[in-house]
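Each chain is listed here by its residues.
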Amino acid sequence: MPGWSVVLTSDRGSFTRFGPSSVLGYVACMPARLVPRFFMDRFFTPPIKDVDKEGRALYAPYALRKIEASLVTNGITDVAVVQPERLEKAVSHNTKIVGISVHDPRGLDPVTFKLALLFGGGKSWLEQFFDELGDTISRLKRRYNFKVIAGGPGAWELARDRPEWLDVLMLGEAEVTLPPLVKSMLRGESVPPLVKGRDPKVEEIPPILGPTRWGEVQVTRGCPRGCSFCSITPETFRTIPLDTIKKEVEVNLQGGIRNIDLITDDILLYGSSKLRVNHEAIVKLFTEVKGTGVDGLFWPHISAPAVKSSPRTVQAMADIAGYDFDRSVMPVVGLESGSLKILEKYMPAKAFPWTPREWSDVIMDATAIMNDNYIFPCYTMTIGYKEETDGDVQESIDLVQKIIDHDFMAWIFPLPVIPISTTRIKDNPFPALERLPSKYWDLLYIAWTYNMKVTRKLAPRLAGGKGVTGSIVRFMIDRIFSSIEWFFRDLKQSKGKKSLEFSNININNTVGTIRAILELGRLSFKGHES
Ligand code: B12
Ligand code: SF4
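Residues numbered from 1 in each chain as written. Chains lettered and ligands numbered in written order. Predicted model: local features only at pLDDT ≥ 70, side-chain atom pairs only at ≥ 80, totals over all residues.

## Comments concerning the pairing of strand β10 (residues 260-263)
Then step 1. The alternating pattern of β10 places Ile-260 and Leu-262 on one face and Asp-261 and Ile-263 on the opposite face, and all of these are buried.
Then step 2. Pairing of strand β7 (residues 216-218) with β10, which is carried by three bridges, proceeds in the parallel orientation. Across the sheet, residue Glu-216 finds its bridge partner in β10, namely Asp-261.
Then step 3. For β10 and strand β11 (residues 297-298), the ladder comprises two bridges, and the chain directions are parallel. In the sheet register, Asp-261 faces β11, and the bridge partner there is Phe-298. (Buried ≥ 20, exposed ≤ 12 C-beta atoms within 10 Å, placed from the backbone. Helix = DSSP H or I, 4+ residues; strand = E, 2+ residues; numbered from the N terminus. Pairing = 2+ DSSP bridges.)

## Concerning the environment of Cys-378
Then step 1. Tracing the backbone shows Cys-378 in strand β13 (residues 378-383).
Then step 2. Classification of Cys-378 by C-beta neighbours within 10 Å gives partly exposed; the count is 19.
Then step 3. When the C-alpha atoms of Cys-378 and Ala-410 are compared, they prove to be 5.8 Å apart, with 32 residues separating the residues in sequence.
Then step 4. Not counting chain neighbours up to four residues away, the residues in contact with Cys-378 comprise Met-330, Pro-331, Val-332, Val-333, Trp-411 and Phe-413. (Contact = placed C-beta atoms within 7 Å.)

## Things to note about the site of ligand 1
Then step 1. Lining the immediate environment of ligand 1, one finds 43 residues, of which Gly-25, Ser-101, Asp-109, Gly-151 and Ala-174 sit closest.
Then step 2. If you list the elements that add at least two residues to the shell around ligand 1, you get α2 (62-72), β3 (97-101), α4 (110-118), β4 (147-151) and β7.
Then step 3. If one sorts the elements of the shell around ligand 1 by residue count, α2 sits on top with four residues. (Near = placed C-beta within 6 Å.)

## Here's the deal with unusual backbone geometry
Then step 1. Between Phe-352 and Pro-353 the backbone carries a cis peptide bond, its omega angle lying at 10 degrees.
Then step 2. Positioned with a positive phi, Tyr-374 is a non-glycine residue whose angle comes to about 60 degrees.
Then step 3. Take Tyr-374: it is sitting in the loop between α13 (359-372) and β13.
Then step 4. Exposure remark for Tyr-374: the 19 C-beta atoms within 10 Å place this residue in the partly exposed category.

## Details of the site of ligand 2
Then step 1. Taken together, eleven residues surround ligand 2, and among them Cys-223, Arg-225, Cys-227, Cys-230 and Asp-265 come closest.
Then step 2. Along the lines of polarity and charge, the residues of the shell around ligand 2 split into four nonpolar, four polar and three charged. (Nonpolar A, V, L, I, M, F, W, Y, C, P; charged D, E, K, R; others polar.)

## Here we look at the sheet that holds β13
Then step 1. Taken together, three strands build an open sheet; the order of strands is β12-β13-β14 and the sheet is parallel. Looking along the sheet, the strands with just one partner apiece sit at the ends: β12 (332-336) and β14 (411-416). Strand-to-strand twist in this sheet, taken as the mean axis angle between neighbours without regard to direction, amounts to 30 degrees.
Then step 2. The sheet contact formed by β13 and β14 spans six bridges and is parallel. Bridge pairing links Thr-380 to Phe-413 in β14. (Axes fitted to C-alpha atoms, helices over the stretch in contact; angles between N-to-C directions.)

## Digging into the packing of helix α9 (residues 279-291) against helix α11 (residues 311-321)
Then step 1. One way to put it is that α9 packs onto α11 with a least axis distance of 10 Å and a crossing angle of 5 degrees. As far as their axial angle goes, α11 and α9 are roughly parallel. Counting all contacts with α9, which are made through His-279, Ile-282, Val-283, Phe-286, Thr-287 and Lys-290, the residues of α11 involved are Arg-312, Thr-313, Ala-316, Met-317, Ile-320 and Ala-321.
Then step 2. Across the contact of α9 with α11, the residue classes break down as seven nonpolar, three polar and two charged. (Parallel < 35°, antiparallel > 145°, perpendicular 65-115°, else oblique.)

## Structural notes on the nonpolar core
Then step 1. The biggest cluster of nonpolar side chains holds 141 residues, and the ones touching the most others in it are Val-7, Leu-268, Val-307, Ile-412 and Leu-444.
Then step 2. Setting aside anything within four residues of it in sequence, one finds Leu-444 in contact with Pro-414, Phe-488, Leu-491 and Lys-492. (Core = buried A, V, L, I, M, F, W, Y, C linked by C-beta atoms within 7 Å.)

## Brief notes about the sheet that holds β7
Then step 1. Strand order in the open sheet formed by three strands is β7-β10-β11, and the pairing between neighbours is parallel. Each edge of the open sheet carries a strand with a single partner, namely β7 and β11.

## With respect to the pairing of β13
Then step 1. Inspection of the sheet shows β12 paired to β13 by four bridges, in the parallel sense. The partner of Val-333 across the bridge, within β13, is Tyr-379.
Then step 2. Handedness of the β13-helix α14 (residues 390-405)-β14 crossover: right-handed. (Right-handed = clockwise from strand over helix to strand, strands pointing away.)

## Here's the deal with helix α1 (residues 37-44)
Then step 1. Along α1, the positions that sit buried rather than exposed are Phe-39, Met-40, Phe-43 and Phe-44. Burial along α1 is one-sided: seen end-on, the buried residues are contained in an arc of 110 degrees. (Arc of directions from axis to C-beta.)

## Brief notes about α2
Then step 1. Within α2, ten of the eleven residues are buried, which leaves it mostly tucked inside the rest of the structure.
Then step 2. Residues of α2 that are buried: Tyr-62, Ala-63, Leu-64, Arg-65, Lys-66, Ile-67, Glu-68, Ala-69, Ser-70 and Leu-71.
Then step 3. In this structure, the buried side of α2 is in contact with β1 (6-10), β2 (79-81), β3, α7 (178-186), β7 and β10.

## Re the confidence of the model for the protein
Then step 1. Mean pLDDT for the protein: 91, with 90% of residues reaching 70 or above.
Then step 2. Low pLDDT, under 50, characterises residues 522-530; the stretch is placed with six contacts to residues that sit more than four places away or in other chains. (pLDDT = per-residue confidence, 0-100.)

If you want it as structure tokens, here you go:
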């Protein structure tokens with residue numbers, strides 16, 4: 001094994017394909033004691049094993065590919081992206097720098113934080129994977145004496161709680177700032193422990209050089225809506241040129257990837273100016289990407305007001321990409337709140353070109369348009385602002401109830417709002433059980449009972465193909481989601497206090513794994529009886 005001078009990796013919560021569907025990536029947000037390791041390794045966060053003949057990862061998360069490209073195009077070519085499981089083999093006395101990309105290393109992001117709150121706390125799988133990577137890095141660092149640099153969307157969490165083995169933490173985008181920093185480090189010069197990356201112009205962002213784990217290709221960066229709780233807010237909005245996008249699609253196709261995931265914070269922002277949907281640019285994007293021979297064309301985010309403002313664009317996207325039930329899209333979409341007060345204070349541009357007063361109509365119309373085009377939104381809500389009262393939460397409940405009454409195919413996740421330290425609400429307190437409005441638990445209950453219904457309808461899609469893994473995941477989704485209604489009812493009735501009773505449960509051990517499998521069997525049997 002050669003031992004590259006720069007080795008890039010991330011923890012297993014990121015360096016995986018998340019089984020048959022990226023939605024299953026959220027399982028890693030669960031407390032580790034409640035999901036046996038066996039299930040993580042086999043179904044939810046299995047390692048990506050493919051390597052080239054020199055031992056580098058054949059498929060990697062997009063951020064690592066971007067970092068690699070920005071170093072290589074700036075003359076730092078002795079770089080390898082490797083899986084965390086192969087780190088030990090990849091580093092040697094030649095290694096000067098190990099770079100890691102982090103998504104949610106301390107479990108502070110909304111989904112992870114909420115699940116800890118609901119299930120009585122404890123380390124999430126994301127934290128567990130990060131700590132395991134940290135142990136390996138510490139050990140190897142003692143032997144080989146390299147420097148460690150970390151960055152990524154979750155870097156802010158390490159600024160709050162910094163591991164002792166970390167030498168440099170970079171906040172923000174890397175393309176411009178990282179290459180000179182790495183050159184200094186390779187020369188053995190001392191560099192500051194905390195660095196803020198400057199946002200690159202689009203022409204300063206080089207295309208990736210190797211395939212990504214599920215064909216990720218970024219099409220926009222940043223979001224001009226400027227919601228005050230969102231870490232995307234401080235970024236400048238940019239549309240990536242179509243030529244760069246097509247180069248990245250080509251790299252993925254050459255790597256045998258057929259499905260492309262267009263990374264964006266809102267696919268309808270592509271080519272836009274001042275938040276106006278650019279129909280022609282989006283049709284061109286979809287047509288040209290599809291024309292390269294791509295099979296599936298997906299994307300992670302869209303915004304409800306943009307959908308409502310241009311239904312023909314949504315329909316064109318669906319037609320070109322060929323969406324149907326088995327090829328549906330399940331983007332994360334911000335629903336945030338039903339309260340006018342909260343919308344006006346924390347996200348006044350969220351509803352643009354409509355006003356916060358019209359938010360409810362925007363959501364209802366947009367959901368109908370999305371569902372007509374096989375787009376099933378995962379709506380996320382931010383609840384628990386300082387001045388949010390039960391009256392505000394009731395307005396959110398009313399909006400959610402409307403979605404339920406229309407029987408839309410949409411999940412609804414009421415999440416506690418997190419004061420991410422790169423946002424304008426960074427000084428707000430972290431959510432705590434006692435500070436959440438008491439109606440939060442009613443909202444959670446109606447949302448989750450509805451989510452269970454929707455999840456069961458979508459189970460065949462979530463579980464992917466008909467293979468063994470697909471069948472097992474389908475089976476688990478069906479049984480688990482149909483048998484936890486009591487849990488949310490108890491939380492509602494106890495105003496959240498019931499969660500404390502879960503703090504001692506630990507099934508992440510051999511006995512727990514066997515019991516979990518038996519329990520799945522028992523539930524399945526019960527399910528067939530009813
Ligand atoms: C793909 C994706 C996922 C996937 C894959 C996750 C994974 N762990 O790999 C899935 C769907 C599973 C997912 C889940 C989650 N995600 Co996610 N995800 C994204 C998404 C859409 C794209 C990421 C990406 O590739 N971006 C493009 C690259 C180029 O940007 P980047 O990653 O920021 O990298 C740049 C810099 O950060 C930096 N950098 C990155 N790595 C490194 C490494 C080094 C050494 C250095 C120096 C710099 C550096 O340089 C890069 C280039 O400029 C982003 C949205 C977005 N706009 O980025 C959300 C996003 C990153 N996710 C987010 C969150 C919160 C989550 C969850 C924690 C859920 C939650 N709400 O609580 C879960 C965690 C589950 C998990 N297993 O990790 C938030 C992060 C917020 C924050 N700042 O903390 C984002 C920003 C979405 C949002 N708008 O809120 N996610
Ligand atoms: S619309 Fe979404 S991505 Fe844009 S600033 Fe608001 S929360 Fe962030």
